[in-house]
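Chain by chain, the residues run as shown.
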Amino acid sequence: MDYAGVDGRRADGTAAGDEVVEPPAAFSDRAVASDPEIYEAFAEEGPEAWRRAADLLDWERPYETVLDDENPPFYQWFPDGRLNAAANCVDRHLDERRNQLAIRWFGKRGERRSYTYLDLHREVNALAAGLRDLGVEEDDVVTLYLPMVPELPIAMLACARIGAPHNVVFAGLSAEALATRIDAADSEYLVTCDGYYRREDAFNQKSKADNARLRAEADLSATVVVDRLGDALDVPLGDDEHEYEAVVAAHDGETVEPVARDATDLLFVMYTSGTTGRPKGVEHATGGYLAHVAWTTRNVLDVRPDDTYWCAADIGWITGHSYGVYGPLSVGTTSVLYEGSPDYPDRDRVWDLIERNAVSVFYTSPTAIRSFMKWGAEYPDAHDLSSIRLLGTVGESITSKAWRWYREHVGGGEAPIVDTWWQTETGAISLATLPGVTPMKPGKVGPPLPGIDARVVDEDGEPVEPGEPGYLTIAAPWPGMLRGLREGDERYRREYWLEGEDGWRYRTGDGATVDGDGYVTILGRVDDVINVRTHRFNTAELESAIVEADGVTEAAVVGDDDGRIVAYVTTRGDVDPDESLREAIGERLAHAVGDVARPDRIVFTPDLPKTRSGKIMRRLLEDIARGDEFGDVSALRNPEVVGEIESAVRKK
Ligand code: WTA
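Please read all numbers here as calculations on a predicted model, not as lab measurements. (Residues numbered from 1 in each chain as written. Predicted model: local features only at pLDDT ≥ 70, side-chain atom pairs only at ≥ 80, totals over all residues. Heavy atoms only, no water.)

Participant: Any chance you could explain the overall build of the chain here in plain terms?
Facilitator: Scanning the chain from terminus to terminus reveals 21 helices and 31 strands. In terms of C-alpha radius of gyration, the chain reaches 24 Å, essentially the compact-globule figure of 26 Å for 652 residues. Across the 652 residues in the chain, those meeting the buried criterion constitute 61%. Considering only contacts in the chain between residues 6 or more positions apart, those separated by 24 or more positions represent 72%. (Helix = DSSP H or I, 4+ residues; strand = E, 2+ residues; numbered from the N terminus. Rg over C-alpha atoms; globule rule 2.2 N^0.38 Å. Buried < 20%, exposed > 50% of the residue type's maximum accessible area, 1.4 Å probe, protein only. Contact = heavy atoms within 4.5 Å.)

Participant: I'm lost on the sheet that holds strand β29 (residues 552–559) in this one. Help?
Facilitator: What holds strands together in a sheet is hydrogen bonding between their backbones, with the strands either parallel or antiparallel. Ordered in space as β29-β30-β31, the 3 strands form an open sheet in which the pairing is mixed. Either end of the sheet is taken by a strand with one partner, and the two such strands are β29 and β31 (601–604). Direction aside, the axes of adjacent strands within the sheet are offset by 25° on average. Sitting on the sheet, helix α19 (residues 579–592) touches β29, β30 (565–571) and β31, and the angle it makes with β31 is about 125°. (Pairing = 2+ DSSP bridges. Axes fitted to C-alpha atoms, helices over the stretch in contact; angles between N-to-C directions.)

Participant: Teacher, can you tell me more about the site of the ligand here?
Facilitator: With respect to spatial proximity, 18 residues lie near the ligand, and among them Asp419, Thr420, Thr424, Arg525 and Arg536 are the closest. At 2.9 Å, a side-chain N or O of Asp510 approaches an oxygen atom of the ligand. The contact in question runs from an oxygen atom of the ligand to an N or O atom on the side chain of Arg525, over 2.8 Å. Bound to the protein, the ligand loses 95% of the 530 Å² it would expose on its own. Put simply, the parts of the chain that give the shell around the ligand at least two residues each are α12 (318–330), β20 (417–420) and β26 (520–525). (Near = heavy atom within 4 Å. Polar contact = N/O pair within 3.5 Å; in protein donor to acceptor, adjacent residues only side chain to side chain. Areas by Shrake-Rupley, 256 points an atom, 1.4 Å probe, with all protein chains shown as cover.)

Participant: Would you explain the UniProt feature "domain: AMP-binding enzyme C-terminal" (unreviewed entry) in the chain in this entry?
Facilitator: Using the residue numbers shown here, the UniProt feature "domain: AMP-binding enzyme C-terminal" (unreviewed entry) corresponds to residues 541–615. Structurally, residues 541–615 is divided into 27% helix and 25% strand, and its ends, taken at the C-alpha atoms, are 16 Å apart. (UniProt positions renumbered as here; feature names shortened; annotations may be inferred.)

Participant: Explanation requested: the nonpolar core in the structure shown.
Facilitator: Where a protein is soluble and globular, its nonpolar side chains tend to be buried together. Judged by nonpolar contacts, the single largest core of 120 residues is most densely connected at Phe78, Leu120, Tyr323 and Tyr326. Those residues in contact with Tyr323, other than ones at most four positions away along the chain, are Val293, Thr296, Thr297, Leu301, Tyr309, Cys311, Pro328, Tyr363, Trp422, Ala428 and Ile429. Membership of the second largest hydrophobic core comes to 37 residues, among which are Ala212, Ala218, Val552 and Phe604. (Core = buried A, V, L, I, M, F, W, Y, C linked by side-chain atoms within 4.5 Å.)

Participant: Just checking my understanding: could you explain the domain arrangement of the chain for this structure?
Facilitator: It is common to give the size of an interface as the accessible area that goes away when the parts come together. According to the domain assignment, the chain consists of domain 1 (120–259) and domain 2 (528–651). The straight-line distance from the C-alpha centre of domain 1 to that of domain 2 is 36 Å. In this complex, domain 1 contributes 9 residues to the contact, which on the side of domain 2 involves 9 residues. Contact with domain 2 buries surface across domain 1, with Phe170, Ser174 and Glu176 losing the most and accounting together for 50% of the total. Taken together, domain 1 and domain 2 are joined by 1 salt bridge. The residue Arg198 makes a salt bridge to Asp595 at a minimum N-O spacing of 3.1 Å. (Domains from an automatic or database assignment. Buried area = accessible area lost by both parts, 1.4 Å probe. Salt bridge = Lys/Arg side-chain N within 4 Å of Asp/Glu carboxyl O.)

Participant: Just checking my understanding: could you explain the sheet that holds strand β14 (residues 266–272) for this structure?
Facilitator: Taken together, 8 strands build an open sheet; the order of strands is β12-β11-β8-β6-β7-β14-β15-β23 and the sheet is mixed. Strand pairing shows two members of the sheet lacking a second neighbour, β12 (241–243) and β23 (484–485), which therefore form its edges. As judged from the 3 bridges shared by strand β6 (residues 142–144) and strand β8 (residues 189–193), these two strands associate in the parallel manner. Counterpart to Val142 in the pairing with β8 is Tyr189. Lying on the sheet, helix α11 (residues 286–299) is in contact with β14 and β15 (280–285); it crosses β15 at an angle near 80°. Here α12 sits on the sheet and contacts β7 (166–168), β14 and β15; the angle it forms with β14, its principal contact strand, is near 145°.

Participant: Is there a simple way to explain unusual backbone geometry in this structure?
Facilitator: Leaving glycine out, the prevailing phi sign among residues is negative, and the prevailing peptide bond configuration is trans. Following Pro72, the chain continues to Pro73 via a peptide bond in cis, the omega torsion being 0°. Assignment of secondary structure puts Pro73 in the loop between β1 (67–68) and β2 (76–77). Phi at Asp186 takes a positive value of approximately 55°, unusual for a residue other than glycine. Relative to the helices and strands, Asp186 resides in the loop between α8 (175–184) and β8. Located in the positive-phi region is Ala358, a residue other than glycine, with phi close to 45°. Here Ala358 shows up in the loop between α13 (349–357) and β18 (361–364). The class of Ala358 is partly exposed, set by a relative accessible area of 41%.

Take a look at the structure:
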């Protein structure tokens, strides 16, 4: 990682206030975590403290060792324990709550479907038996390429049941991105669907899967296809392609013994953008991951079985894995699963769903909250949201203004908000307040969770003074941590770890400040990753797609304040940048990555600002896109270009 570039400016350009909001007494009285001693307890007990988390799970063979740290940074959590994640999310709830709803699904067309824990058990078992029948064995990686339909969590659990790691690829990614992930994960099995609705239109997902198949080097031995669209789309199936409904029907009523997995065995792989162009396959182990996720679902999100909980994130990304599937199901609650968009059929859709389901805990992103604010308070205000007990946010910094809006209009002015910091790699929430214990500071994430040794340090690894910018690092292992990268040990070590005099440090890639009370404020990434619309992209990945468009010579991609993608593009002298070139650039990105990567703005510029060593000054471009003040440009080789870029941006 390049340690240059942290300059102390907040990602959103505003300063976080130091207003302190105490946890409401009515909340604290009933909160899962209500004892302030918990911080001390973790500090005194060290890794052993995490038994609290592991003991929330059912173990097939109890663990004795909590942490094996003999061979850093290859840490092993609960290494001698054995368990099955699906049994923990489904089977163990059957005694107490077989008829309780596990999932309430709302489709794009107003359809709805509900699954009790018993229903879930039946379908997960049938699909697990079906996958086995198709040849899936323990440790075979199964790729899942599905939108937000119940079959996605069901397929994840069916894989977990038979010890087959899943590799979920976000449904909006392109055929090419899918092919890369199938190859990289060495996956021979795919579960996808015929298509899904985008607003009114039926969209063909299967044809993307077919194209990926043509490209993927790995030979898929079987594909299972969910019929999401019924008669709206007819997709012919090939020899080794099977209808999901038929597979499940053929095995309906069968039970498959959950495979006991070592706690350190792979539960899933999730590809995410890193510091280089190719996505990295982040591997999560079964025991530590599930323990950390279950513990934070209870202690940070305060979710209990009698809640109706809604994590609005797409299951195609880590938030949906941890807090849309494994977290809520492991604690035995009822979840809302929503396929549609927040503004269809109208801009009150989210509030309508909260009201009709009496949602008590709602977890979303600042990107979404910004849209809600823009659409106006009249939408939430027109609904009865009194069921809300707790609100959460994740994915990027939330401004204190958005924080207040969220609390006022969604939380009834009362509900605590947990601003949760974590990453695909950390697996579970790592920094956040404990809502019944820790005071909140609007606009600041909060202190590290008990047991998470996060530190903001300077280039030498020394803690920075309060308010000084530094690098967010984690100085001790934690249960939800990635167990490694699909690309191998060397890459894992190089990508994330620094060995210092006092041990190994995990580098988060985020810049941060910490205040005198230990509250962390995230400044944004210090590497080439951008977070836009809750998706994580590597700038090089996007830029290399753009320069493939005819006539383009160079490109630099940044995110702006509204989480939009802004692309600065230079063209060959003889090329007149026009609408068709814009189109072509959008197409290149949709093809290489997916529609989610289409830029919201393309700014044509004669040159890009570069340092004397030729490095593009992306931060300067970010400042320009955000309309922020920017500092000294004298380090540039071509300072004259800044004025031209500014006027190109303003011209619109
Ligand atoms: C950013 C999403 C500020 C951060 C769970 C991190 C945040 C990256 C917050 C990981 C937050 C996440 N405040 N920034 N509360 N939460 N981030 O892997 O830059 O998609 O490194 O995981 O999102 O993104 P990822």
